[in-house]
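# Geometric and topological summary
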Amino acid sequence: MLPWGRLLLVQLLLTPIVAASTGEDGERGGDAEAVPRAYVCPPRCSCPSEETVDCNGADLTTFPRNLSANIQLLSLQNNRLETIPYEELSHLTKLRTLSLHHNRLLSQGLPDGAFESLQELEYLYLANNKLTSAPRLLPDTLRIVDFAANQLRDIFTHTFGHKPQLRSVYLHNNQLVSSSLPPGIFRGSDTISVLVLSDNNLTLIPCGLPPRLTHLHLQNNRISQVPEGSLTELLELRELHLQHNNLTIASINNHSFSSLRGLQYLDLSHNNLTEIPEGLPPSLLILHLGRNRIAGVREGSLSAARGLQYLLLHNNRLTADGIQPGAFDKLRHLHTLHVFGNRLSRVPPNLPRRLRSLMLLHNRIESLGPSDFVNGYFLSELNLSYNLLRSARVHRLAFRKLRRLRSLDLSGNRLTLLPLGLPSGLQDLRAQHNHISRLSPRRLAGLHALGQLHLDHNSLTIAGLAPGSWQELSSLKLLDLGYNQLSYVPPDLPENLENLYLQHNRIVTITPDSFISTPNLRVLLLRSNRLTVVGTAQAAFSSLHQLQVLDLTGNPEHISIRLDSTTWAPGNGTARGHSPPR
């Protein structure tokens, strides 16, 4: 007979071990009941399979111990790790994805060669840590590497070199300078298509960039020079981001961009350019030059970019004389032009014929002549707000060619009347913050498609509203007459009106017939007028069955209106469950 001790040992060896692991506090690890002991799940982690360990946000301070060598995906992001033990990581030879972002890892906490043994690793995420140096050696199987938002100052030659499968490298939000990127840093990694080096301290565009790049991000650096030849090999580059740097026209030569035959998006905004760079590629679709010091556009400076569709020149120093008559002649595909925030005293000459959106706001334009928009047949959006336009200097034929115009913004000018000859297809007309004191049927004639009319912050009075002013606005859904000098609700408003804003006027009375022509109102703002309980007829609201928001606040007396089953509290006046528009 075997001794009891030896018998117990034999029984244990013959019994399958399926017990779940427990943590130091006695609680089981997530999903541990279904995980055999052969691949024990760490405490506070989940392990849906032998190949996956998820410890995201588990508040770990130490790297999990005794992980299975069969793990392919290990998620350790959003913890408090400072070091990675070599012996715990190096044996995970089947690992394909390692997520370590949002920890407290230090460079000295990553042992040399810790990643080199992971010869199946494809995705390495180390963003948002405290690394000052990139790992010297990484496996050549990598596809994506993310070291963003660290404190990197040093990158080694073999960190990203000789990685034939590497596709994306993220190094933004670090402390890299140009000398941090050694020559040949990407040698042997010719398939990299996305490289993000934004938000560093680079002063030069790096040389020796991967030849198959499609997206290059260098914004928010201190780049003041584009070395000759630094971009010439990037024949597949589609997007180049160089905004928020120190580039001048002298630092860009005529061949800096000309060889980029696949380039579609070029962002040079927020630099120190005084002219438009020459040698732009014909493939370019979007050119962003906003917030530079460009004073003019010379004839021919954009002719090479014949495929251009979006040209953004806002917040520069453009003057009317600085834009030469033939500046846009070759841009037959241009449909969006932003020149707002400049010093234009008139509309630029010879606008492109296919233009659909023209942003001229915040300039010094004083007049509109009959030929200013003569090429604007395709124009659908025109913004002339916050210029110096006066009614007497807006020609009655200024808009005659704009048959496709849908949105016109004239707000913030010095108009006393709406212009004559507004396009019949208009859907949105904005003329707030002017000095308009009168409306007449002639000024709104033919606007059958108009859906929104903004006339707030003007000088309108009831006497200034000629009878029949609204008669042709059959599609009008929103009318803003706030901040004027109206003494009562304007009569004969359009029947389809749904939003009527009359706040901050001088309305004293609401009669039973005030809203008889607008039975479809959903939002009615009457706040901050001069209404009293006696002067507000309850019957005026009885037919407004669609009303959802009624604002009567800010009047001299608290007013309670009852409509069917909905009650507005005294002084509140807002339908329960809705907030009135400001």
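Residues numbered from 1 in each chain as written. Predicted model: local features only at pLDDT ≥ 70, side-chain atom pairs only at ≥ 80, totals over all residues. Heavy atoms only, no water.

### Some details on the overall build of the chain
Worth spelling out the cut-off: Every helix listed is a DSSP run of H or I at least four residues long, and every strand listed is a run of E at least two residues long, numbered separately from the N terminus. Relative accessible area decides the class of each residue, using a 1.4 Å probe on protein chains only: under 20% of the type maximum gives buried, over 50% gives exposed, and in between gives partly exposed. Should any heavy atoms of two residues lie within 4.5 Å, those residues are counted as being in contact.
When helices and strands are counted, the chain shows three helices and 25 strands. For the chain, buried positions account for 50% of its 582 residues. Within the chain, contacts between residues at least 6 apart in sequence are counted, and of these 48% link residues at least 24 apart.

### Digging into a positive patch on the surface
This is how the line gets drawn: For patch detection, residues must exceed 30% relative accessible area and be free of salt bridges, and they are connected within 9 Å for like charges or within 5 Å for nonpolar side chains (Val, Leu, Ile, Met, Phe, Trp, Tyr). Each accessible area is a Shrake-Rupley result for a 1.4 Å probe, and residues are judged covered by the shown protein chains and nothing else. The working definition used for a salt bridge is a side-chain nitrogen of Lys or Arg within 4 Å of a carboxyl oxygen of Asp or Glu. Here the positive residues are Lys and Arg and the negative ones are Asp and Glu; neither His nor the chain ends is included. Charged groups are reduced to one reference atom each: NZ for lysine, CZ for arginine, CG for aspartic acid, CD for glutamic acid.
Taken together, the side chains of R293, R317, R343 and R364 make up a positively charged region of the molecular surface. Of note, R364 is situated in the loop between β15 (357–359) and β16 (381–383). Looking at R364, the relative accessible area reads 47%, which means it is partly exposed.

### Examining the environment of N173
Turning to its location among the elements, N173 is positioned in the loop between β7 (168–170) and β8 (194–196). In this structure N173 comes out as partly exposed when scored by relative accessible area, which is 38%. Here N173 is in contact with A148, A149, N150, S198, D199 and N200, once residues within four sequence places are set aside.

### Looking at the side chain of H454
Mapped onto the elements, H454 comes out in strand β19 (residues 452–454). With a relative accessible area of 8%, H454 lands in the buried category. Look past the residues within four positions of H454 in its chain and what remains in contact with it is D428, L429, R430, A431, Q432, L478 and D480.

### Quick notes on the packing of aromatic side chains
Our working rule: Any two of the Phe, Tyr and Trp rings considered here, Trp counted by its six-membered ring, make a pair once their centres fall within 6.5 Å; the pair's planes then place it as stacked at under 30 degrees, edge-to-face at over 60, or tilted in between. Geometrically, a charge over a ring is one whose NZ (Lys) or CZ (Arg) sits within 6 Å of the ring centre while staying within 35 degrees of the ring normal.
For the structure shown, the criterion picks out five aromatic pairs. Note on F373 and F399: the rings are 6.3 Å apart at their centroids and 10° apart in plane angle, and the pair reads as stacked. A residue pair is termed long-range when its members are at least 10 positions apart, and F373 in the loop between β15 and β16 and F399 in the loop between β16 and β17 (407–409) qualify at 26 residues. Here F373 matches F399 in class, with each residue buried. Taken together, the ring pairs in this structure connect F147, F160 and F186 into an aromatic cluster. Stacked on the ring of F156, the Lys or Arg R136 has its end atom at 4.0 Å from the ring centre.

### Thoughts on the pattern of salt bridges
Considering all chains together, one arrives at 12 salt bridges under this definition. Residues R430 and D428 are paired through a salt bridge, measuring 3.2 Å at the closest nitrogen-oxygen approach.

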